[in-house]
Amino acid sequence: MSNPISNDYRHLLMEIKQRIRSAQYEALKAVNREMINLYWDIGQMIYTRQQEAGWGKSVVEQLAKDLQAEFPGISGFSAANLWRMRLFYESYVNNEKLAPLVREIGWSHNLVIVEKCKDDLKREFYIRMTRKFGWTKNVLIHQIENQTYEKTLLNQTNFNQTVSAEIHNQLKLAVKDEYTFDFLELADEHSERQLEQAILARVEPFLQEMGGRFTFVGSQYRLEVGDEEFFIDLLLYHRQLKCLVAIELETGEFLPEYVGKMQFYLVALDDLSRFPDENFSIGIILCKSKDKTIVEYALRESNKLISIATYKLFSTLPQELKNQLPAPEQVAKLLEGVE
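Counting restarts for each chain: residues are numbered from 1 in the order of the written sequence. Selection of residues for local features in this predicted model requires a pLDDT of at least 70, selection of side-chain atom pairs for listing and counting requires 80 or more, and totals for whole chains, interfaces and linings are taken over all residues. Hydrogens and waters are ignored; side-chain quantities use all the structure's heavy atoms.

(A) Structural detail: the overall build of the chain. Under the DSSP-based scheme used, a helix requires at least four consecutive residues in state H or I and a strand at least two consecutive residues in state E, with every element numbered from the N terminus. Assigned secondary structure in the chain consists of 14 helices and seven strands. Its C-alpha atoms put the chain at 80 × 65 × 40 Å along the principal axes. Classification of residues uses two cut-offs on accessible area relative to the type maximum, computed with a 1.4 Å probe and protein chains only: under 20% is buried, over 50% is exposed, and between them is partly exposed. Taking all 339 residues of the chain together, the buried fraction comes to 45%. Residue contacts follow a heavy-atom distance rule, with two residues in contact if any of their heavy atoms lie within 4.5 Å. At a minimum sequence separation of 6, the contacts of the chain that also span at least 24 residues come to 66%.

Right, here's the structure in full:
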């Protein structure tokens with residue numbers, strides 16, 4: 001028989017620990033905001049003096065020396081960092097939307113975004129995604145270098161015809177058009193089983209590349225329908241969207257019949273594995289290559305949430321992606337759904 005006092009104590013302890021962690025997190029956020037505000041103000045003062053008095057490089061160098069002498073125990077006042085503060089202020093001072101957002105992520109993250117992204121919409125994407133998914137600096141760099149912004153905006157799904165506009169935006173930002181698995185040690189020619197085994201050996205970087213808040217559920221996930229067994233290559237769970245994500249691996253070109261198989265899996269998952277408080281499952285078909293027109297036709301009549309993406313085993317930077325992006329107003333509307 002359980003002891004009611006000990007049970008009550010355990011609940012009390014759990015509640016207090018959660019409250020402490022919450023307070024620590026809020027304190028960290030407050031400290032970060034204050035530090036960003038400080039760097040913003042320093043950048044503003046340097047920028048303004050240079051504009052009004054024509055100050056040059058030597059003044060910033062002297063300022064760095066004097067600040068380091070005055071505050072010897074505080075890092076961050078090197079000449080290089082002072083120049084970064086100036087760039088930070090100059091980059092966002094005329095952007096009423098982004099100026100408040102930059103205070104929601106860390107200084108090192110802001111520097112990466114300012115230095116690697118020159119387009120305001122691209123900066124907004126990475127700021128919002130970093131805040132939403134808690135990307136580390138290294139994960140953020142990885143996402144930028146692998147063109148997550150472009151590959152997310154160009155993804156091919158049927159989400160717009162199966163869910164509301166609000167949920168559609170959240171779903172669209174959870175998947176990409178192309179994934180880079182440069183951490184897998186595979187020959188260019190490989191089987192689906194070899195691809196799956198290589199992913200299972202490197203689950204952490206795989207989930208990192210998938211982006212967002214995915215957790216690993218299992219491989220060759222078994223579904224029993226009627227008297228037969230069926231197996232999904234990989235099954236993930238998206239914590240933010242609260243849904244199962246079925247992944248099918250195809251080492252060749254996309255074929256329309258893959259959609260029918262995925263739709264079958266999703267129906268079965270929703271009936272047999274989905275909990276009552278979870279959303280409907282999503283399917284991602286990963287192929288070596290695809291014809292975008294064929295994908296469009298294949299998805300048109302499907303009523304389950306399916307995305308068709310490609311994967312590569314090495315990093316590439318196809319600059320032509322930039323010319324295929326949606327219009328700026330469409331991008332801005334999509335980003336409104338990222339909280």
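(B) Examining the UniProt feature "domain: YhcG N-terminal" (unreviewed entry) in the chain more closely. Residues given the UniProt feature "domain: YhcG N-terminal" (unreviewed entry) here are residues 15-151. A helix fraction of 79% and a strand fraction of 0% characterise residues 15-151, whose end C-alpha atoms lie 41 Å from each other. UniProt positions are given in the numbering used here, feature names are shortened, and annotations may be inferred rather than shown by experiment.

(C) Molecular detail of the pairing of strand β6 (residues 282-287). Burial analysis of β6 places six of its six residues in the buried class, the great majority of the element. Where burial is concerned, the two faces of β6 agree: the one with Ile 282, Ile 284 and Leu 286 and the one with Gly 283, Ile 285 and Cys 287 are both buried. At least two DSSP bridges between two strands are needed for those strands to be called paired. Across five bridges, strand β5 (residues 243-249) lies against β6 in parallel orientation. Of the residues in β6, the one forming a bridge with Ala 246 is Gly 283. Taking the sense of rotation as the criterion, the β-α-β connection linking β5, helix α12 (residues 257-272) and β6 turns out right-handed. Alignment of β6 against strand β7 (residues 305-312), held across six bridges, turns out to be parallel. The residue bridging Ile 285 from the neighbouring strand is Ile 308, located in β7. A clockwise course of the path from the first strand over the helix to the second, judged with the strands pointing away from the viewer, identifies a crossover as right-handed. Read from β6 through helix α13 (residues 292-300) to β7, the crossover connection turns out right-handed.

(D) The arrangement of the pattern of salt bridges in detail. Salt bridge criterion: a side-chain nitrogen from Lys or Arg within 4 Å of a carboxyl oxygen from Asp or Glu. Under the definition given, this model contains 21 salt bridges. The closest approach of N and O atoms between Glu 145 and Lys 116, which form a salt bridge, is 3.8 Å. Highlighted residues: Glu 145 in helix α7 (residues 137-145) and Lys 116 in helix α5 (residues 107-116), separated in sequence by 29 residues. Glu 145 sits in the partly exposed class, given a relative accessible area of 45%. Put simply, Asp 270 and Arg 274 hold a salt bridge, and the shortest N to O gap is 3.7 Å. With relative accessibility at 7%, the residue Asp 270 sits in the buried group. Three or more residues are tied together by salt bridges with common partners; here these are Lys 97, Glu 124 and Arg 128.

(E) Seen up close, the pairing of strand β4 (residues 228-238). Relative to β4, strand β3 (residues 214-225) runs antiparallel, the two being bridged by ten bridges. Counted as the bridge partner of Phe 216 is Leu 236 from β4. Remark: two residues form the turn of the hairpin made by β3 and β4, two consecutive strands paired antiparallel; Gly 226 in that turn has positive phi of roughly 65°. Relative to β5, β4 runs antiparallel, the two being bridged by five bridges. Each bridged residue has a counterpart across the sheet, and for Leu 234 the counterpart in β5 is Ile 247. From the end of β4 to the start of β5, which pair antiparallel, there are four residues, and Lys 242 there has a positive phi angle of about 55°.

(F) Region of the structure containing a nonpolar patch on the surface. Candidate patch residues must exceed 30% relative accessible area and have no salt bridge, after which like charges are joined if within 9 Å and Val, Leu, Ile, Met, Phe, Trp or Tyr side chains if within 5 Å. Throughout, the Shrake-Rupley method with a 1.4 Å probe supplies accessible areas, and for residues the shown protein chains are the sole cover considered. Taken together, Tyr 9, Leu 12, Leu 13, Ile 16 and Ile 20 make up a surface patch of nonpolar side chains, about 460 Å² in accessible area. Topologically, Ile 20 is positioned in helix α1 (residues 4-53).

(G) Just the packing of aromatic side chains, in detail. Aromatic rings from Phe, Tyr and Trp, with only the six-membered ring used for Trp, were paired whenever their centres fell within 6.5 Å, and each pair was classed as stacked if the ring planes differed by under 30 degrees, edge-to-face if by over 60, and tilted otherwise. Using the criterion set out here, one finds 17 aromatic pairs in the structure. Seen in terms of ring centroids, Tyr 39 and Trp 107 are 4.7 Å apart; in terms of plane orientation they differ by 65°. Their pairing is edge-to-face. With Tyr 39 in helix α1 and Trp 107 in helix α5, this residue pair connects regions lying 68 residues apart in the sequence. Take Tyr 39: its relative accessible area is 6%, and that puts it in the buried class. The exposure class assigned to Trp 107 is buried, which follows from its relative accessible area of 9%.

(H) Here's a closer look at the packing of helix α2 (residues 57-70) against helix α3 (residues 79-92). Between the N-to-C directions of two axes lies an angle of 0 to 180 degrees, each axis being a line fitted to C-alpha atoms and, for a helix, fitted only over the stretch in contact. Contact geometry for α2 and α3: axes closest at 8 Å, N-to-C directions at 115°. Between α2 and α3 the crossing geometry is right-handed. Counted together, Lys 57, Val 60, Glu 61, Leu 63, Ala 64 and Leu 67 of α2 and Ala 79, Leu 82 and Trp 83 of α3 form the full contact between these two elements. Handedness of a crossing is defined here by the sense of rotation of the near helix relative to the far one, left-handed for an anticlockwise turn of less than a right angle and right-handed for a clockwise turn.

(I) Structural detail: the packing of α3 against α5. Put simply, α3 and α5 touch, their axes get as near as 10 Å, and they point 65° apart. Between α3 and α5, the crossing angle belongs to the class labelled roughly perpendicular. Crossing hand, α3 versus α5: left-handed. Across the interface between the two elements, Asn 81, Arg 84, Met 85, Leu 87, Phe 88, Ser 91 and Tyr 92 of α3 pack against Trp 107, Asn 110, Leu 111, Ile 113, Val 114 and Glu 115 of α5. Residues are grouped as follows: Ala, Val, Leu, Ile, Met, Phe, Trp, Tyr, Cys and Pro are nonpolar; Asp, Glu, Lys and Arg are charged; all remaining types, including Gly, are polar. For the contact of α3 with α5, the per-class residue count stands at eight nonpolar, three polar and two charged. Note on terminology: angles under 35 degrees are roughly parallel, angles over 145 are roughly antiparallel, angles of 65 to 115 are roughly perpendicular, and the others are oblique.

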